[in-house]
Amino acid sequence: MAVYADMKVDCGPHFVTLMWTESRPQADTSLLRLGNCFPTSFSAGEAYFYVDLTDCNFRRLVTGDALVYSNDLTYVASADSYNLAFTHRVVCAYERPKDWYATIYDPVFKTYSLGDLQFNIGLMNDDFSGPAESTRFPLGSIIPIMASVVQETHQPLLLLLEECVAATTPELYPESTMYPIISNKGCLLESVSSRSKFEPRQKSSEIRLSLQTFTFAMGEEVFIHCKLLAWDPNGLDSTKKACHFVEGHGWELLDNLAQSNLCDCCESKCKSRRQRSVASEKHGMVQKAVIGPFTITDVNS
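Residues numbered from 1 in each chain as written. Predicted model: local features only at pLDDT ≥ 70, side-chain atom pairs only at ≥ 80, totals over all residues. Heavy atoms only, no water.

As annotated in an unreviewed UniProt entry, the protein chain is ZP domain-containing protein from Champsocephalus gunnari.

A.B. asks: What is the right way to look at the overall build of the protein chain in this model?
C.D. replies: When helices and strands are counted, the protein chain shows one helix and 21 strands. Split into buried and exposed, the 301 residues of the protein chain put 50% on the buried side. A sequence separation of at least 24 residues applies to 63% of the contacts in the protein chain between residues at least 6 apart. Summing over all exposed atoms, the protein chain offers an accessible surface of approximately 15500 Å²; the carbon and sulfur share of this is 52%. (Helix = DSSP H or I, 4+ residues; strand = E, 2+ residues; numbered from the N terminus. Buried < 20%, exposed > 50% of the residue type's maximum accessible area, 1.4 Å probe, protein only. Contact = heavy atoms within 4.5 Å. Areas by Shrake-Rupley, 256 points an atom, 1.4 Å probe, with all protein chains shown as cover.)

A.B. asks: What is the right way to read the sheet that holds strand E1 (residues 5-11) from this model?
C.D. replies: Sheet strands associate in pairs through backbone hydrogen bonding, adopting either a parallel or an antiparallel arrangement. Ordered by their spatial adjacency, four strands build an open sheet running E1-E2-E5-E4, and the pairing between neighbours is antiparallel. In the strand order of this sheet, the two ends are held by E1 and strand E4 (41-42), each with one partner. (Pairing = 2+ DSSP bridges.)

A.B. asks: Would you mind showing me how to read unusual backbone geometry here?
C.D. replies: When glycine is set aside, most residues are seen to have a negative phi, and most peptide bonds are trans. In this structure, the amide linkage connecting Gly292 to the following residue, Pro293, adopts the cis form with an omega of 10°. Relative to the helices and strands, Pro293 resides in strand E21 (residues 286-297). In this structure, Cys56 is a non-glycine residue whose phi angle is positive, near 65°. Tracing the backbone through its elements, the reader meets Cys56 in the loop between strand E5 (46-52) and strand E6 (59-63).

A.B. asks: I keep staring at the state of the cysteines and nothing clicks. Help me out?
C.D. replies: Note on terminology: a disulfide is the covalent bond linking the sulfur atoms of two cysteines. Here the structure, examined in full by the defined rule, presents six disulfides. By sequence order of its bonded cysteines, the protein chain has the disulfide arrangement 1-4, 2-3, 5-7, 6-11, 8-9, 10-12. (Disulfide = S-S within 2.5 Å.)

A.B. asks: Honestly, the packing of aromatic side chains in this entry has me stumped. Any pointers?
C.D. replies: How two aromatic rings sit relative to each other is given by the distance of their centres and the angle of their planes. Counted by the stated rule, this structure contains eight aromatic pairs. Ring geometry for Phe15 versus Tyr50: centroids 5.1 Å apart, planes at 25°, classification stacked. With Phe15 in strand E2 (residues 15-22) and Tyr50 in strand E5, the pair connects residues that are 35 residues apart, well separated along the chain. An angle of 5° between the planes, with centres 5.4 Å apart, marks the rings of Tyr75 and Phe86 as stacked. You can see Tyr75 sitting in strand E7 (residues 66-75) and its partner Phe86 sitting in strand E8 (residues 86-95), a full eleven residues away along the chain. In this pair, the class of Tyr75 matches that of Phe86, namely buried. Among the aromatic residues, those joined into a cluster by ring pairs are Trp20, Tyr75 and Phe86. (Phe/Tyr/Trp six-rings, centres within 6.5 Å; stacked < 30°, edge-to-face > 60°.)

A.B. asks: Help me understand the pattern of salt bridges in this model?
C.D. replies: Proximity of charged atoms lets side chains of opposite charge pair with each other. Under the definition given, this model contains six salt bridges. Note that Glu162 and Lys185 form a salt bridge whose closest N and O atoms lie 3.9 Å from each other. Highlighted residues: Glu162 in strand E13 (residues 158-167) and Lys185 in the loop between strand E14 (179-183) and strand E15 (187-188), separated in sequence by 23 residues. Taking relative accessible area as the criterion, Lys185 reaches 32% and is therefore assigned partly exposed. For Arg208, the salt bridge identified is with Glu206, shortest N-O distance 3.8 Å. Under the relative-accessibility criterion, Arg208 is labelled buried at 17%. Through salt bridges that share partners, Arg59, Asp72 and Arg89 make up one connected network. (Salt bridge = Lys/Arg side-chain N within 4 Å of Asp/Glu carboxyl O.)

A.B. asks: In this structure, what is going on with the side chain of Asp237? I would like to understand it.
C.D. replies: If you trace the backbone, Asp237 turns up in the loop between strand E18 (221-231) and strand E19 (243-246). A polar contact is formed between the side chain of Asp237 and the backbone nitrogen of Thr239, at a distance of 2.8 Å. A polar contact of 3.0 Å, which involves the side chain of Asp237, links it to the backbone nitrogen of Lys240. (Polar contact = N/O pair within 3.5 Å; in protein donor to acceptor, adjacent residues only side chain to side chain.)

A.B. asks: Got a minute to help me understand the environment of Glu133 in this structure?
C.D. replies: The topology assignment puts Glu133 in the loop between strand E10 (117-123) and strand E11 (136-138). Assessed through its relative accessible area of 80%, Glu133 is described here as exposed. The spacing of Glu133 and Leu123 is ten residues in sequence and 9.0 Å in space, taken between C-alpha atoms.

So, in C-alpha cells, the structure goes:
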C-alpha cells in the first residue's frame, strides 16, 4: 500500500465496503473506481464504496474449500494531474458453501437471477478453465466467452445464445451503434467471415463461444449484450438452436449435426412452427446479460 493512502476493506456476506483515505491534498478521490463502479460517496480526502459482490465486475473463483471474489481499485488520473494512475487488488475470501456445486472455476463476471434460475456469463482464459486474466484483446485474437445456467429445481436445460450484439455502452439505446454477432435466433454471424465458432459442449447447461476480435470500436470500451435462453434439450427448432458456419460444410447445428437443416434459415429469416415458445419465455426462460467492458487493441499500435 502506498505511504500516502490507507485502504480498509470489509468483506460482508454479500457485499463489500471499502474506504480509501488519501493524504495528498491535490488527489481527486472522485476519480477512484472499484471495477467499473464509481464511489458511493467521496470527499476531499476519502472515497467510500458500498457494493454488492455481483456488481462492479467482481470476478469469482471457486477452488478447493474457498470462494474468492477479486476486483481492482483504480485511480484514473486526469490529463493535467500530477498524480499517477494506479491499481490495487481487492480480494474477499470466503469458506466455500457445502451445497455449492459449481465447476472448479466459476466463470462469473456477471450473474443474473430469474425465478429459481441463475444465469452466468463471462470472459474466460484460453482453455476456458478460469476467468480471463486481461480485458484487452489484440485484433485478430480470440475472446473466449462462456455462459451457464444453474438449475436447482428444473429438469436439465439447454443453454443457448439467442442474440448478441456489441456496443460501446453498458445499456442499449435506440440511437446506439451496434455490431451484430449472433442474430436470427442463434445464428453466429461472425463465423461466416472469421474464426469465430461455438465450442463443443461440456454440459448442456453451458455454452462456450470462441469469438475472433473485430474492428468495431477498436481502442474503445466494448460491451456485448446477449439474450440467454434456457430451453428443453429435446425441443430444438429453427428458433431454438446454436448454429455456426463451417468453411466447406456450411451452417452446422452445434448440438446435433444430423439436424443442421435447422440452420438453413440463417441465410434468411428464422421462424418457429411451434406455439409454446412465447408461453415458455413468460415462465422465465430468457435473460438479457451484458459482458464487459473490454478493449480490442490494434496490434500495430
